[in-house]
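Residues per chain are reported as follows:
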Amino acid sequence: MGVIFLIAGHHLKDPGASGNGYQENKLTIEMRDLIATRIRQLSPGTILWIDDDRDTLTQVIAKVNAVATADDYLLDVHFDAAASPKASGATVFVADGARDKSKSFGKDIVEFVSTILRIPNRGVRSEVLSNRKRLGILHTKASSALLEVGFISNPTDMANHEDWKHWAADEIARICIARVG
Ligand SMILES: [Zn+2]
């Protein structure tokens, strides 16, 4: 049975983006914990690995690299930000040249999240289209997706996230459970 690695983007000393009264690292920790709680409710036997919010990204990647296998799945949760408050929607990034398992995992997640939050589906994109061009967390042995839930800079994205985040967490939990069997 595979392991689900659930990671909250950024950490306690790296706030990430901010907007509309929100700070990204607080949102990602909350969302990761909602997904983890739902996985434990639905499937207590599923093996979960949760990142330590005191760890830097480099430390998280090293810890995942030490234990991840090709049977595992990894989801890193982030929120997007843009200068224009109109930018809207959910996005998934996968590694450049990602295997099909990563792409279909990411596709399921971005479709459900955008539908539940009633925001645009920006689809599954290669990391080369991300701000950093290469995302180290996507390069462990696990099949991996980096989710940008919505835009912290968009009031509607954030209001909808507040209203429906539990439903989004529920669907993400179900997708993860189904993948690791
Ligand atoms: Zn982020």
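Here, residues in each chain are numbered from 1, in the same order as that chain's written sequence. Local features are withheld for residues below a pLDDT of 70 in this predicted model, meaning they are given only at 70 or higher, and side-chain atom pairs are given and counted only at 80 or more; totals for whole chains, interfaces and linings count all residues. Processing note: side-chain calculations cover all non-hydrogen atoms of the structure and skip hydrogens and water entirely.

1. Observations regarding the coordination of the zinc ion
For step 1, the next point in the chain: Coordination of the zinc ion by the protein comes from His 10 (NE2), Glu 24 (OE) and His 78 (ND1), over a distance range of 2.1 Å.
For step 2, the next point in the chain: The rule for donors is simple: an N, O or S atom within 2.8 Å of the metal counts, and for Na, K and Ca the reach is 3.2 Å. Water is not among the atoms, so a site may look short of donors. Mapping the donors of the zinc ion onto the primary sequence yields the spacing H-x13-E-x53-H. One end of the pair, His 10, is in the loop between β1 (3-8) and β2 (18-19); the other, Glu 24, is in helix α1 (residues 24-42), with 14 residues separating them in the sequence. Assigned by exposure class, His 10 and Glu 24 land together as buried. Helix and strand labels come from DSSP, where a helix needs a run of H or I of at least four residues and a strand needs a run of E of at least two; each type is numbered from the N terminus. Summary of the burial criterion: residues with accessible area below 20% of their type's maximum are buried, those above 50% are exposed, and those between are partly exposed, where the area comes from a 1.4 Å probe applied to protein chains only.

2. Some remarks on the packing of helix α3 (residues 100-117) against helix α4 (residues 155-180)
For step 1, the next point in the chain: Note on method: axes are straight lines fitted to C-alpha atoms, helices fitted across the in-contact stretch only, with angles between N-to-C directions ranging 0 to 180 degrees. Between α3 and α4, whose axes approach to 8 Å, the crossing angle comes to 155°. As judged from the angle between their axes, α3 and α4 are roughly antiparallel. Once α3 is placed against α4, the crossing between them reads as right-handed. Listed contacts from α4 to Lys 101, Ser 104, Phe 105, Asp 108, Ile 109, Phe 112, Val 113, Ile 116 and Leu 117 of α3 are Asn 160, His 161, Trp 164, Trp 167, Ala 168, Glu 171, Ile 172, Ile 175, Cys 176 and Arg 179.
For step 2, the next point in the chain: Under the scheme applied here, ten amino acids are nonpolar (Ala, Val, Leu, Ile, Met, Phe, Trp, Tyr, Cys and Pro), four are charged (Asp, Glu, Lys and Arg), and all others, including Gly, are polar. Looking at the contact of α3 with α4, its residues break down into twelve nonpolar, three polar and four charged. To sort the angles, those under 35 degrees are grouped as roughly parallel, those over 145 as roughly antiparallel, those from 65 to 115 as roughly perpendicular, and the leftovers as oblique. Put simply, a crossing is left-handed when the front helix is turned counterclockwise from the back one by less than a right angle, and right-handed when it is turned clockwise. Contact criterion: two residues are considered in contact whenever any of their non-hydrogen atoms come within 4.5 Å of each other.

3. Points about the side chain of Ser 130
For step 1, the next point in the chain: Inspection of the secondary structure assignment puts Ser 130 in the loop between β7 (121-126) and β8 (143-151).
For step 2, the next point in the chain: You can call Ser 130 buried: its relative accessible area is 5%.
For step 3, the next point in the chain: The term polar contact refers here to a pair of N or O atoms within 3.5 Å; inside protein, the definition further demands a hydrogen-donor-capable atom paired with an acceptor-capable atom, and it admits residues adjacent in sequence only when both atoms are side-chain atoms. A polar contact is formed between the side chain of Ser 130 and the backbone oxygen of Glu 127, at a distance of 2.6 Å.
For step 4, the next point in the chain: At 3.2 Å, the side chain of Ser 130 and the backbone nitrogen of Lys 133 are in polar contact.

4. Observations concerning α3
For step 1, the next point in the chain: Given a helix with a known number of residues, its expected span is that number minus one, times 1.5 Å. For α3, spanning 18 residues, the distance from its first C-alpha to its last is 26 Å, which sits close to the expected 26 Å at 1.5 Å a residue.
For step 2, the next point in the chain: Tucked into the core, α3 has its buried residues touching β5 (73-80), β6 (90-94), β7, β8 and α4.
For step 3, the next point in the chain: Of the residues one or two after α3, Arg 118 is the one with positive phi, at around 55°.

5. Considerations on the packing of aromatic side chains
For step 1, the next point in the chain: Aromatic pairing here means that ring centres of Phe, Tyr or Trp (its six-membered ring) are within 6.5 Å. Orientation follows from the plane angle: under 30 degrees is stacked, over 60 is edge-to-face, and everything else is tilted. Evaluation of the coordinates by the stated rule reveals two aromatic pairs.
For step 2, the next point in the chain: Consider the rings of Phe 5 and Trp 49, whose centres lie 5.3 Å apart with planes at 45°: the pair is tilted. With Phe 5 in strand β1 and Trp 49 in strand β4 (residues 47-50), this residue pair connects regions lying 44 residues apart in the sequence.
For step 3, the next point in the chain: Judged by its relative accessible area of 1%, Phe 5 is buried.

6. A few points about the nonpolar core
For step 1, the next point in the chain: Put simply, buried Ala, Val, Leu, Ile, Met, Phe, Trp, Tyr and Cys residues joined by side-chain atoms within 4.5 Å make one nonpolar core. Counting 53 residues, the largest nonpolar core has Ile 35, Ile 39, Leu 75, Ile 109 and Ile 172 as its most contacted members.
For step 2, the next point in the chain: Among the secondary structure elements, those contributing two or more residues to this core are β1, α1, α2 (57-67), β5, β6, α3, β8 and α4.
For step 3, the next point in the chain: A per-element tally of this core places α4 first, with nine residues.
For step 4, the next point in the chain: Beyond its immediate chain neighbours, meaning those up to four positions away, Ile 39 contacts Ile 4, Leu 6, Pro 44, Thr 46, Leu 48, Ala 173, Cys 176 and Ile 177.

7. Structural notes on the UniProt feature "domain: MurNAc-LAA" (unreviewed entry) in the chain
For step 1, the next point in the chain: In the numbering used here, UniProt assigns the "domain: MurNAc-LAA" (unreviewed entry) feature to residues 62-177.
For step 2, the next point in the chain: Within residues 62-177, the helical portion is 41% and the strand portion 24%, while the C-alpha atoms at the span's ends are 24 Å from each other. UniProt positions are given in the numbering used here, feature names are shortened, and annotations may be inferred rather than shown by experiment.

8. Considering the pattern of salt bridges
For step 1, the next point in the chain: A side-chain nitrogen of Lys or Arg and a carboxyl oxygen of Asp or Glu constitute a salt bridge if their distance falls within 4 Å. Applying the stated rule across the entire model yields eleven salt bridges.
For step 2, the next point in the chain: Between Asp 51 and Arg 32 there is a salt bridge, with the nearest N and O atoms lying 2.8 Å from each other. Here Asp 51 is found in the loop between β4 and α2, whereas its partner Arg 32 is found in helix α1, with 19 residues between them in sequence. The exposure classification of Asp 51 matches that of Arg 32, with both residues buried.
For step 3, the next point in the chain: The structure contains a network of salt bridges with shared partners spanning Arg 32, Asp 33, Asp 51 and Asp 53.

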